[in-house]
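Each chain is listed here by its residues.
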Amino acid sequence: MTPEQDRAFMERAITAGRRARYWSAPNPPVGCALVRDGIVIGEGFTQPVGEAHAEVMALTAAREANGMNACRGATAYVTLEPCSHQGHTGPCLSALIDAGVERVVVAVEDPNPEVAGRGLSGLREAGIAVDVGTGAEEVEQDLAGFLLRMRRGYGRITLKIAAALDGRTAMASGESQWISSEPARQDVQRLRAESDLIVTGVGTVLADDCRLTVRSDVLPLSDGDKARALARPPVRMVLDSRGKTPTDARVLQGEPAILMTTSVLAHPPPTTVHQIPANTEGRIDLGQWIAWLRSQTYNEILVEAGPTLAGALLKEGWVDRLILYQSPKLLGDTARPLAVMALHELSDAVELAFTEVTRIGPDLRIMATPRLRGCDQKPPTRWICLSGAKVFTGLIQAVGRIAQIEKGEQDIRLRIETGKLPLADVALGDSIATSGVCLTVTELPGDGYWADVSPETLSLTTLGTKGIGDTVNLETSLTLNTPLGGHLVSGHVDGVGQIEEIIEDARFWRVKVAAPENLARYIAMKGSICVDGTSLTVNQVNGATFELTIIPQTWEETVFSHYEVGSPVNLEVDVIARYLERLSQFDQRDGE
C-alpha cells in the first residue's frame, strides 16, 4: 500500500469510529476497517461497554459477507492500538492474530497502562507487520477525552458559553433566552450527546431551571447516531456549595443526577449527593472536584455554566477547550459578563489559541484552547507540580482492614478501617493507595474511609477478590512536604501476580512472585517493583518469576505476613522501564 492508500483506508476507520462516540464510554470510540486486495471487506466500531470492540466488529462483518477465511492476508486499519488485556471482552490482539491478518496500521498508541505498547509488540511477535502514525493528528482530536483520562487521570473538560458580540451572556435581569440562534442550540445538543458528564452551577439552575438533557426532536444527527446517543444519555451534575438546589429542579428529574456540595444534605433518589471540601471563599474547591473526577471514568466533561463558575474554571486553569457560540447582538454594558475573573494586570489575562471558527446559522462557533503560560509567569493551578496528582512512594504507612463492601451492578464501594494511618490531613477527594491501587476518598466516617471501585479497577486488580476482614496496605498520596523514599509510583496496577514460594531464613524472608508474561521485560535484577503498594528491590529474576528479600520491619508492618502460596498480588513496574522501552521503540523506527 502507498501512504496515500493507507491514509484513505484509515479515513474509513476514523469515520467508523465517530459512530461510536455517542455510546462507547468509558471505552474510547474506536473504528476499524479491514482491507484485502485494495477493497474494504469489513468495518466496525466500538459497541457499548461489555460488548465487542471495533476490531471484532470488523472481523465479524468481513466473515459474514465473505466467509470465515475472509480476513487471512488482510490489512487492518485501527484508530487506536488493539487492546492486549482481558476486560469485559477478550483481547483484540488475539482476535486479529487468530483471524490471520498480515498487517495492522494503527493511528495512535494506547496510553492505557494495561495496553501501552503491548498490543503492538504482541502483533510484531506474531509476525504481523505494524505501522503506527497514519491519521494520528485527527484521531488524537477524536479520542481527546479518553487519551487525556489515560495520560493524566481525568477526561477533557470543555467549557461551553453562549454570548453576544460584546461578550455579554445575559441581561442584568438574568434574561438570556435566547442569545444564540436555533442552529447554534441544535449544535449544543450534538455536543451534549458526545459528552459523558454535563456540569452546571447552582446559579444557572436557580436562574433558568435548566434540564441539560439531550432532546431527540432537535438533535441534528442521523437516525443511527441519534439512536446511539439516546441509548446512553450523559450524566448531569450540579456544583452547589451551599445546597440551594431545589429537590424539584428539572435538572434532577428523570435520569440519575449528581449534586456536588460542601454541605451535609440529602436529596431523594435518583439524585446522588457527594460532599467535597470548600475553598477559602466557601465555594466548592475545584481542585477537589478534579480529584473526584480522577476516580471516575468520564472521558468528555461538558460544563454549561454562568459567569462565576466559568470564570473560576478559566482562571484556575481547568479548562481544556472553550466553545463560544457568539451571536451578532449587542447587549450593552449593564448586561452580565462572559466570565467573572478579578484580573488586575494584563499579564494575568487567560490567553487562548483559536483552533476553529465556524459559521452556525447567523452565529459563530469559536473553539479555543488555553495557552500554557510562559515559565517566567505563575502557571495555572492545574500545572503546579503535584497539584491534584496521585503519586506515592511505595513506603507503607499502615495496614488497614476491609470493614464493609457494598456491591453495585458492576462496581463496589469499600469501607476501609485504617488503623494507625493518620487521617487528620486527609480530605474528601484525596487519594489513598490501597494495596497499590489508587482510590479516591468519598467519605470519612472517622475510623477510616469509603472509596468507590470501578468495574475497570475490579477487573485489573485484586480488589475484586477481597472480602470483609481482609487486610490491605495503605499509603496517603505524596505532597510537597512528604519526605521522598522508595520510588515514585502512580497507584495504577500493571498486572496481577501470584505468590509462588515463601522461604523463611534466619533474619528475613525470601518471597518468589510469578508475574504476568507481558510484565517480564520490565523486571530486572536490582530494579524496583511495587507489590501491593510496597516499594521493593528485585533480587533475582527467572523469566516472569522474580524473588524479593523481605526484612522483618517490612514483614511486620505490611500485609506480607498475611500472604500464603497462591495469594494474588497487585504489581506496578518501574515507570523508568516503561520510558526506556518507549524510547527504544522510537530508536528502532528512526533506524528503519
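Residues numbered from 1 in each chain as written. Predicted model: local features only at pLDDT ≥ 70, side-chain atom pairs only at ≥ 80, totals over all residues. Heavy atoms only, no water.

1. Section: the pattern of salt bridges
Oppositely charged side chains can pair when the atoms bearing their charge come close. Counted under the stated rule, the structure contains 32 salt bridges. Of the charged contacts in the structure, one is a salt bridge between Glu182 and Arg185, with a shortest N-O distance of 2.7 Å. Note that Glu182 and Arg185 are positioned in helix α7 (residues 182–193) at a spacing of three residues, about one turn of the helix. Note on Arg185: relative accessible area 21%, which makes it partly exposed. (Salt bridge = Lys/Arg side-chain N within 4 Å of Asp/Glu carboxyl O. Helix = DSSP H or I, 4+ residues; strand = E, 2+ residues; numbered from the N terminus. Buried < 20%, exposed > 50% of the residue type's maximum accessible area, 1.4 Å probe, protein only.)

2. Some words on helix α3 (residues 92–99)
Inspection of α3 places Cys92, Leu93, Leu96 and Ala99 among the buried residues, and these make up the whole buried set. Looking straight down α3, one finds its buried side chains confined to an arc of 140°; they lie on one side. Buried residues in α3 make contact with α2 (54–66), β3 (75–80), β4 (103–108) and α4 (118–125). The positive-phi residue at the C-terminal boundary of α3 is Gly100, with phi of around 85°. (Arc of directions from axis to C-beta. Contact = heavy atoms within 4.5 Å.)

3. Structural notes on the packing of α3 against α4
In contact at an axis separation of 10 Å, α3 and α4 are set at 20° when each is read in the N-to-C sense. Comparing the axis directions of α3 and α4 gives the class roughly parallel. The way α3 lies across α4 gives a crossing that is right-handed. Mapping the contact onto sequence places Leu93, Leu96 and Ile97 in α3 and Arg118, Gly119, Gly122 and Leu123 in α4. Of the residues assigned to the contact of α3 with α4, the class counts are four nonpolar, two polar and one charged. (Axes fitted to C-alpha atoms, helices over the stretch in contact; angles between N-to-C directions. Parallel < 35°, antiparallel > 145°, perpendicular 65-115°, else oblique. Left-handed = near helix turned anticlockwise from the far one by under 90°. Nonpolar A, V, L, I, M, F, W, Y, C, P; charged D, E, K, R; others polar.)

4. Side note on the sheet that holds strand β25 (residues 528–531)
The strands making up a sheet associate through backbone hydrogen bonding, with each pair oriented either parallel or antiparallel. Taking strand neighbours around the barrel as the criterion, the six strands line up as β23-β24-β27-β26-β25-β28 in a closed arrangement whose pairing is antiparallel. Geometrically, the sheet is characterised by an average inter-axis angle of 45° between neighbouring strands, direction not taken into account. (Pairing = 2+ DSSP bridges.)

Function-wise, these values are silent; they only describe arrangement.
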